[in-house]
Amino acid sequence: MPLALAGMTEQVDQNGVVYLSAEQSAHKVVMYTDPDCGYCQMARQYFAKHGINYVEYNINASTGHLKEFRRMGGHGTPLIVIDGSKIQGFNARAIEAALK
């Protein structure tokens with residue numbers, strides 16, 4: 001790994017765009033998404049801009065993740081779960097509050 005990238009994390013969105021981040025999130029962030037969801041894309045961009053590491057699950061690609069999504073009361077995407085706290089939809093203020 002080149003020295004300039006040491007300590008960096010890399011994320012690739014559904015369009016193949018690579019985001020590099022130097023910050024490590026101390027929070028567990030999971031996002032349940034749909035490939036055609038514009039609000040999911042806004043959340044991805046927000047996370048990348050703020051250096052927030054997250055795990056993304058496409059609910060259309062996995063019946064297991066779809067079941068998890070439904071079990072948590074998901075009724076639209078994205079469903080963002082931060083340290084167990086659920087945020088339905090993209091809401092920057094709610095994300096910021098959950099990360100404090």
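Residues numbered from 1 in each chain as written. Predicted model: local features only at pLDDT ≥ 70, side-chain atom pairs only at ≥ 80, totals over all residues. Heavy atoms only, no water.

### Structural notes on the overall build of the protein
As a reminder, the rule being used: Only DSSP runs of H or I with at least four residues qualify as helices, and only runs of E with at least two residues qualify as strands; both kinds are numbered from the N terminus onward. Partly exposed residues are those whose accessible area sits between 20% and 50% of the maximum for their type, while under 20% is buried and over 50% is exposed, using a 1.4 Å probe and protein chains only. Contacts are assigned to residue pairs with any non-hydrogen atoms lying within 4.5 Å of each other. Using a 1.4 Å probe, the Shrake-Rupley method yields the accessible areas, and only the shown protein chains count as cover for residues.
Secondary structure summary: the protein contains three helices and six strands in total. Starting at the N terminus and ending at the C terminus, the protein contains elements arranged as β-β-β-α-β-α-β-β-α. Put simply, the protein has 100 residues, and 33% of those count as buried. Taking the intrachain contacts of the protein between residues at least 6 apart in sequence as the baseline, contacts between residues at least 24 apart amount to 52%. When the accessible surface of the protein is totalled, it reaches about 6100 Å², and 53% of it is carbon and sulfur.

### Some words on the nonpolar core
Rule in force here: Definition of nonpolar core: a set of buried residues of the types Ala, Val, Leu, Ile, Met, Phe, Trp, Tyr and Cys, connected through side-chain atoms within 4.5 Å.
One finds Val29, Met31, Ala43, Tyr46, Phe47, Ile52, Tyr54, Ile80, Ile82, Ile87, Ile95 and Ala98 forming the largest nonpolar core, which totals 12 residues. Those elements that provide at least two residues to this core are β3 (29-33), α1 (38-49), β5 (79-82) and α3 (92-98). Element by element, the count of residues in this core is highest for α1, at three residues. Ignoring anything within four residues of it in the chain, the contact list for Phe47 reads Val29, Met31, Ile52, Tyr54, Ile80 and Ile95. Counting six residues, the second-largest nonpolar core is a separate cluster that includes Tyr32, Ile59, Leu79 and Val81.

### Examining the pattern of salt bridges
Any two side chains of opposite charge can pair, so long as their charged atoms come close to each other. The test is simple: Any Lys or Arg side-chain nitrogen located within 4 Å of an Asp or Glu carboxyl oxygen qualifies as a salt bridge.
Following the criterion strictly, the structure yields one salt bridge and no others. Between Glu56 and Arg44 there is a salt bridge whose closest N-O contact spans 2.7 Å. Of this pair, Glu56 sits in strand β4 (residues 55-58) while Arg44 sits in helix α1, placing them 12 residues apart in sequence. Accessibility expressed as a relative area gives 31% for Glu56, which makes it partly exposed.

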